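As a plain string of letters, each chain reads:
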Amino acid sequence: MNDHESFDPIGAPELPHDDFRCGLVALAGRPNVGKSTLLNALVGFRLSIVSPRPQTTRHRILGIATSEAGQILYVDTPGLHRGAKRAMNRSLNRAARSAISEVELIVQVIEAGRWTDEDQTLYDALVEQKVPRLLAINKVDLTKDKSAMLPFVSELMAKHSFDDIYYVSALKEKGLKGLEEGILKRLPVQPPVYGEDEVTDRSERFLAAEMVREQLMLRLDQELPYATTVEIEQFHERPDGMAEIHAVVWVERDGQKAIVIGQGGAQLKAIGSSARRNMERVFERKVFLKLWVKVREGWVDDESMLKKFGYE
Ligand code: GDP
Ligand code: MG
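1. As for the sheet that holds strand β5 (residues 133-138)
Where strands meet in a sheet, backbone hydrogen bonds hold them as pairs that are either parallel or antiparallel. Taken in spatial order, the six strands of this open sheet run β2-β3-β1-β4-β5-β6, and their pairing is mixed. Because the sheet does not close on itself, it has two edges, and the strands there are β2 (61-66) and β6 (164-167). Going across the sheet, the axis of each strand differs from the next one's by a mean of 25 degrees, ignoring polarity. Pairing between β5 and β6: four bridges, direction parallel. Bridging across to β6, L134 finds its partner in D164.

2. Some remarks on the site of ligand 1
Taken together, the neighbourhood of ligand 1 is formed by 17 residues, with N32, G34, K35, T37 and D141 sitting nearest. Within the side chain of N138, a nitrogen or oxygen atom sits 3.1 Å from an oxygen atom of ligand 1. Between ligand 1 and the protein, one listed contact pairs an oxygen atom with a backbone N or O atom of A170 at 3.0 Å. Considered on its own, ligand 1 offers 590 Å² of accessible surface; in the complex 88% of this is hidden by protein. Ranked by residues supplied to the shell around ligand 1, first place goes to helix α2 (residues 35-43) with three residues. Residues belonging to the shell around ligand 1 are distributed by class as follows: seven nonpolar, seven polar and three charged.

3. Side note on the environment of D221
If you trace the backbone, D221 turns up in the loop between α7 (204-219) and β7 (229-237). Residues D221 and I259, 38 residues apart in the sequence, show an inter-C-alpha distance of 9.6 Å.

4. Here we look at the pairing of β5
Of all the six residues making up β5, six are buried; the element is thus mostly covered by neighbouring parts of the structure. Bridge count between strand β4 (residues 105-111) and β5: six bridges; the pairing is parallel. Each residue of the ladder has a partner; that of V109, found in β5, is A136. On the question of chirality, the crossover connecting β4 to the parallel β5 by way of helix α4 (residues 117-127) is right-handed. On the question of chirality, the crossover connecting β5 to the parallel β6 by way of helix α5 (residues 149-159) is right-handed.

5. Describing the nonpolar core
Ranked by size, the top nonpolar core spans 54 residues in total, and within it Y74, I183, V260, M279 and F283 carry the most contacts. Taken together, domain 1 (21-184) and domain 2 (204-308) each give at least three residues to this core, which thus spans both. With near-sequence residues (within four places) excluded, I183 lies in contact with V25, I72, Y74, L105, V107 and L134. If you look at the next biggest cluster of nonpolar residues, it comprises 14 residues, including L24, A28, V75 and V103.

6. Thoughts on the sheet that holds strand β8 (residues 243-251)
Across the sheet, which stays open at both edges, the three strands sit in the order β7-β8-β9 with mixed pairing between neighbours. Strands with a single pairing partner mark the edges of an open sheet, and in this sheet they are β7 and β9 (287-295). The average undirected angle you get between the axes of adjacent strands in this sheet is 15 degrees. Across nine bridges, the pairing between β8 and β9 is parallel. Across the sheet, residue A243 finds its bridge partner in β9, namely V287. Across the face of the sheet, α7 comes into contact with β7, β8 and β9 while running at roughly 135 degrees to β7. Helix α8 (residues 254-261) contacts β8 and β9 of the sheet and is inclined by roughly 155 degrees relative to β9.

7. Structural notes on the pattern of salt bridges
By the definition in use, this model includes 16 salt bridges. Here E214 and R46 are joined by a salt bridge, their closest N and O atoms 2.6 Å apart. Of this pair, E214 sits in helix α7 while R46 sits in the loop between α2 and β2, and the two are 168 residues apart along the sequence. Since its relative accessible area comes to 36%, R46 is described here as partly exposed.

8. Brief notes about the packing of aromatic side chains
Aromatic ring pairs are defined here through the distance separating the ring centres and the angle between the ring planes. Scanning the entire structure with this criterion turns up three aromatic pairs. In textbook terms, an aromatic cluster arises when at least three aromatic residues are bridged by ring pairs, as seen for W115, Y123 and F162. When the ring centre of F162 is taken as reference, the NZ or CZ atom of R133 above it lies at 5.6 Å. Positioned above the aromatic ring of F288, the side-chain terminus of R238 is 5.1 Å from the ring centre.

Reading guide: rules and limits
- Residues numbered from 1 in each chain as written.
- Chains lettered and ligands numbered in written order.
- Predicted model: local features only at pLDDT ≥ 70, side-chain atom pairs only at ≥ 80, totals over all residues.
- Heavy atoms only, no water.
- Pairing = 2+ DSSP bridges.
- Helix = DSSP H or I, 4+ residues; strand = E, 2+ residues; numbered from the N terminus.
- Axes fitted to C-alpha atoms, helices over the stretch in contact; angles between N-to-C directions.
- Near = heavy atom within 4 Å.
- Polar contact = N/O pair within 3.5 Å; in protein donor to acceptor, adjacent residues only side chain to side chain.
- Areas by Shrake-Rupley, 256 points an atom, 1.4 Å probe, with all protein chains shown as cover.
- Nonpolar A, V, L, I, M, F, W, Y, C, P; charged D, E, K, R; others polar.
- Buried < 20%, exposed > 50% of the residue type's maximum accessible area, 1.4 Å probe, protein only.
- Right-handed = clockwise from strand over helix to strand, strands pointing away.
- Core = buried A, V, L, I, M, F, W, Y, C linked by side-chain atoms within 4.5 Å.
- Domains from an automatic or database assignment.
- Contact = heavy atoms within 4.5 Å.
- Salt bridge = Lys/Arg side-chain N within 4 Å of Asp/Glu carboxyl O.
- Phe/Tyr/Trp six-rings, centres within 6.5 Å; stacked < 30°, edge-to-face > 60°.
- Lys NZ or Arg CZ within 6 Å of the ring centre and 35° of its normal.

If you want it as structure tokens, here you go:
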């Protein structure tokens, strides 16, 4: 054996076995079809925030699912947003496009029984990508009469091409195994990129901000959540083993600040305690969370403020 053959560069990736698959997979779909719920179910952690409102997901987030068969890196994309006028929507559209151009496989997620113009527009854009495309028909738990699905699917298939179709319920965690197998067998044989116990590329700091934002989406009415963002000012480990987190909720106007705080501080307290409980579950330790509400006029339209708040 000469020197060359025995040379093993540090960190050289190794295949766990001959048929180990790994690759980047986009979960694509119009707002509200259940992409974030699906990502969380596939990864087994609530990484991506979920609410009944469209445009909940603002950031690209990677969810990592490692099994004996391979490692799937799911990208939950913010949907393509209408109204490219506001700087934030433009930033979201850029994030969605660049996420999709890098992947090895695309799962288009739709709602059972519905194929809208927005689904079609997205389909037309995705067909351009020369990678396998799967269709995940989500929310099948809402369809009482399963036979009603057949005409819907056969009409869909007559006009569209997918490499395979899967029926799933992200909420009830049904049909996920089949989808996972369908994805894995179409990914290239290559070594894992992340360690087997890693579940996301995002920091706890980032996830903490998202978990506060999730509560804003769930608890505030109408347009208000879209005028808020969350900044983590401090995140440190205390000697007693707790994570101490200081978060600022930014709003655009004084009136909004009063609403976020609520009567006698009740709203902010409720936001804080729900967010804290979710953090404790994902971070697997006790959390001390302090929340402030501050006003910054016009942050939603200001590119430099968006950068500060982490919208690339
Ligand atoms: P996204 O905008 O595509 O990321 O969608 P979300 O994951 O935020 O989900 C939007 C809404 O649909 C939330 O209220 C979810 O609870 C709900 N949802 C997601 N998946 C399912 C499902 O399989 N069944 C039902 N009934 N609701 C679901
Ligand atoms: Mg989402």
